[in-house]
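Commentary on secondary and tertiary structure
Spelled out, the chains give:
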Amino acid sequence: MGSASMNVMRPALICILFASAAYGQLTARNPVDELKDQVSEALALAGVPFTADQERQLALLIEDDRQAAENLFGATWDFSQGPPQGEQQDQALAGIRFMYDELRSKLPAYMTAVQRRAWENYQSEQDVAFYEEDSSDNGAGSGRIQQIRVTNNAFNVETATANGSRGLHEGGARTEVIERGGGGAFHGNFAATFQDEALNARNPFADNKPPYYERTLNGDISGPVIQDRLSLNFALRDNRRENVGTVKAETPDGPFSLGVTRPVLFRSYDTRGVLQIADAHSLHMRFQYATHDIENDNVGNFSLPERASHTETQDHVVDLRAVSILSERTVHDLHFIWRKNRNETTPLSNALGIVVKDAFTGGGSQNRDLINGNEYELNNLIYYAGQTFTMRSGFRGWRRSEHSVLEDNFFGEFTFSDLESYRARTPLKYRIKCCDPSFDMSQTHLALFSQNDFKLTPTFTLMLGIRYFVQTNLGDRNNVDPRIGFAYAIGNSTVIRGGAAIFTQTANFRQMKISRRLDGERLYEIQIDNPGWPDPFSSGSLRPRSRNVIAPDLRNPYYAVTQVQVEQSLPHNLFVTVAYDVSRGIKPLRLRDLNAPFPETGLRPFPDEGQIIQLESGLSTHQHFKTTMRQRISVFNITADYQYYHGVSDGPGTGGFQSLPVDSRDVLGKEWGRTVNPVHTFNTSVNSRLPLDVYLTTVIGARSGRRYTITTGRDDNGDGVSNDRPEGVVKNSEIGPKYFDISFNISKAIEFRRDGSSAAGTGPRMNVFANLSNAFNMTHLGTPSGVLTSPFFGRSFNATSPRQIEVGMRFQF
């Protein structure tokens, strides 16, 4: 074939490749890479290729857009619920087309005058073919998108949550698609899934295989109600299941092992809409109502069936968002959310509680509560995106008001060190709360922020931000968070990102409520050491009332975070990132007993009072090393990540946030140590598109064991808490079992007819599928008991779910 024929064929082939990439049918390449190659080949054919310096200058632009496009393009390769179709795929493809056009408009700024003319000539030859493909997309093209907001800054000031295991924080790098009203096509999605005990394996810690049943019905329909003006989406979900739990306990009558069911019913009704008020103004609306009903809650592990409770919740959400394009580069985004929730828990029994340390827990669950809450959230954002300067400025306001009636441990609870003391009727302690269970509280947060990104050179972007945060219920007003980040292209396919930031956290509503509610007057707790049986007041040492307080100098916790990350694009669609971050927790919240006895005398500083549990500040340090690999090869989409974690803190070794330290007189000395999190974590998923419209997703997960603490099961230091450790034993000194799991989703797509006018080039489709969780029925042992007096000491007493098989079908159009 002659060179002239080849010059004609190449553009046509490239155009076909792009169309295939957009529709996710024939190629696995990211459309950003397609466009980059398209430009490079066009300039090479014209004899004016990119220089090495130009390639380096383009690297930062390409990597930013590649990451954003990958979030969208990856959705078309997620087969975990069958092949994407309908609204989900349309939005992703429309976003890809929008980004493709945006990137194509930016590229000329990196070219010489001669290169621009060559590129313009090339585009003029391709416009007919390109837009012919676009003209049949039935609304799935870039005209459906109002804006795509890309944030590749890990230190984005719009968020306050630092969390290294999730890439520093939950609101950092992300791609947000904002759609126009009245665009796209009509789509429907209806699915049903089912499983029962016949499809599942028996839990290895249960002697029986209880009846099990689960079915889920999902449905939604969406599309333009008024063309180019109003889009609506109606969705419903109905999930009914009888979850299987396992009680593994040791009672006075011998071993107790039982599989139990926990019936759960969840229903939600959701309406979403986009009203295009004018060409540059849209109103996004969402209304949701959901109910949740759980029976036999609170049963499992050491908790016997008599500890059951019943929980009912109701949630209402009203979500309104106004997006206005003020100019070609400036957007105003105003967002209001109202949430109303009601939660009621009723225990099966009000009997007094019996706790035998890591042997069994019986009696009533004593968790009767009623909570009615309202939340209001208002977000305001001004977003400007220029060629060399990007700005995000605004505020976020949040308020929650709540009325609660909480009768936790209002009927009393005995604690025994071991089964022998239970048989001998010699309790270790008795606790009971009194008197007024009602409590009203509100809390308000306000954050002001401004983020300014400067593209100082084509290869270097500097990101400067500042955030101010304040909340009620604390006197802290000095919460200014400076943040600095950078992105630097050190090669034609290598970008290094990094920075440092302060993340001020909220003293969250639940933590503050717990500390304010038990005030020693309206509500208090009393404790008896070595009480009598069955009348606890007949003997023993009665402690004075206990109460909770908040440290007068308590400040909002904050984290000082630094991170460096290298991104490398390699041939054959391989993308690799390596990141390391250090997060130092300064003033994270913890509890301490101000009235703990002195070790020399055993006397309390305030003998007329019981425990004085203070909410105060602590310390922590967390380090993460994480590497991620992503590659698409032919019909395979592979994602894998590995994380190494090392963390130390002065928080409690057992029992979570509400636990007290082993020695309130020497918290830093006795509690500073490793956290429970696994050191090594590995996850990978492989999405495969096989012949005959068969789709397979394989998910593999592995991690090292979680840490746990050895305790004596007694109150050796007389502080009223039975969490003491043997002499010389440090916090979280032991490591639990490792974890390894393989799960599959396999689906078969059945197309009823081919419809070239539809957005994805296909007509109605039905998928039949099966989800195999823990496909090889591996035993995933839980963390062993660390209580020396427990019959399960050093042994696991539970395991996560055995193999479960779910089958279902989904119809889409």
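Residues numbered from 1 in each chain as written. Predicted model: local features only at pLDDT ≥ 70, side-chain atom pairs only at ≥ 80, totals over all residues. Heavy atoms only, no water.

So, about the packing of aromatic side chains. Evaluation of the coordinates by the stated rule reveals 21 aromatic pairs. Taking 5.6 Å as the distance between ring centres and 45 degrees as the angle between the ring planes, the aromatic pair formed by F302 and F792 counts as tilted. Taken together, the positions of F302 in the loop between β7 (281–297) and β8 (309–325) and F792 in the loop between β33 (765–773) and β34 (804–812) put the pair 490 residues apart, joining distant regions of the chain. Here F792 falls in the buried class, since its relative accessible area comes to 3%. Within the aromatic cluster, the residues linked to one another by ring pairs are F360, F414, F416, Y422, Y430, W533 and F537. (Phe/Tyr/Trp six-rings, centres within 6.5 Å; stacked < 30°, edge-to-face > 60°. Helix = DSSP H or I, 4+ residues; strand = E, 2+ residues; numbered from the N terminus. Buried < 20%, exposed > 50% of the residue type's maximum accessible area, 1.4 Å probe, protein only.)

For the rest of this paragraph, the subject is the nonpolar core. The nonpolar side chains of a soluble globular protein tend to be buried, and buried together. By size, the foremost hydrophobic cluster in this structure holds 34 residues, and its most contacted members are L35, V39, L43, L58, L107, W119 and I148. For this core, the elements supplying multiple residues, two or more each, are α2 (31–45), α3 (52–73), α4 (87–106), α5 (113–135) and β1 (145–151). When near neighbours in sequence (up to four residues on either side) are disregarded, W119 contacts L35, Q38, V39, A42, L43, R104, P108 and M111. Grouped together as the second largest cluster of nonpolar side chains are 19 residues, V247, A249, V260 and L304 included. (Core = buried A, V, L, I, M, F, W, Y, C linked by side-chain atoms within 4.5 Å. Contact = heavy atoms within 4.5 Å.)

Before going further, it helps to spend a moment on the pattern of salt bridges. Scanning the model with the defined rule gives 33 salt bridges in all. R339 is paired through a salt bridge with E375; the nearest N and O atoms lie 3.4 Å apart. Separated by 36 residues along the polypeptide, R339 in strand β9 (residues 330–347) and E375 in strand β12 (residues 367–385) bring together distant segments of the chain. Under the relative-accessibility criterion, R339 is labelled partly exposed at 27%. Judged by its relative accessible area of 16%, E375 falls in the buried class. The partner of D453 in a salt bridge is R392, with the nearest N and O atoms 3.8 Å apart. Linking D453 in strand β16 (residues 438–457) with R392 in strand β13 (residues 389–408), this pair joins segments that are 61 residues apart in sequence. Judged by its relative accessible area of 3%, R392 falls in the buried class. Sharing partners across several salt bridges, the network here consists of R339, E375, E377, R396, R400, E402 and K513. (Salt bridge = Lys/Arg side-chain N within 4 Å of Asp/Glu carboxyl O.)

What follows deals with the pairing of strand β17 (residues 460–471). Sheet analysis places β16 next to β17, joined by twelve bridges and oriented antiparallel. By the bridge assignment, Q451 is partnered in β17 with G465. Hairpin connection, β16 to β17: the antiparallel pair is bridged by two residues. The pairing of β17 with strand β18 (residues 480–489) spans nine bridges and is antiparallel. When the bridges of β18 are listed, M463 appears paired with G485. (Pairing = 2+ DSSP bridges.)

The next thing to look at is the side chain of D333. In this fold, D333 is placed in strand β9. You can call D333 buried: its relative accessible area is 5%. At 2.6 Å, the side chain of D333 and the side chain of R321 are in polar contact. The contact partners of D333, leaving out residues within four places of it in the chain, are R149, R321, A322, V323, N379, N380 and L381. (Polar contact = N/O pair within 3.5 Å; in protein donor to acceptor, adjacent residues only side chain to side chain.)

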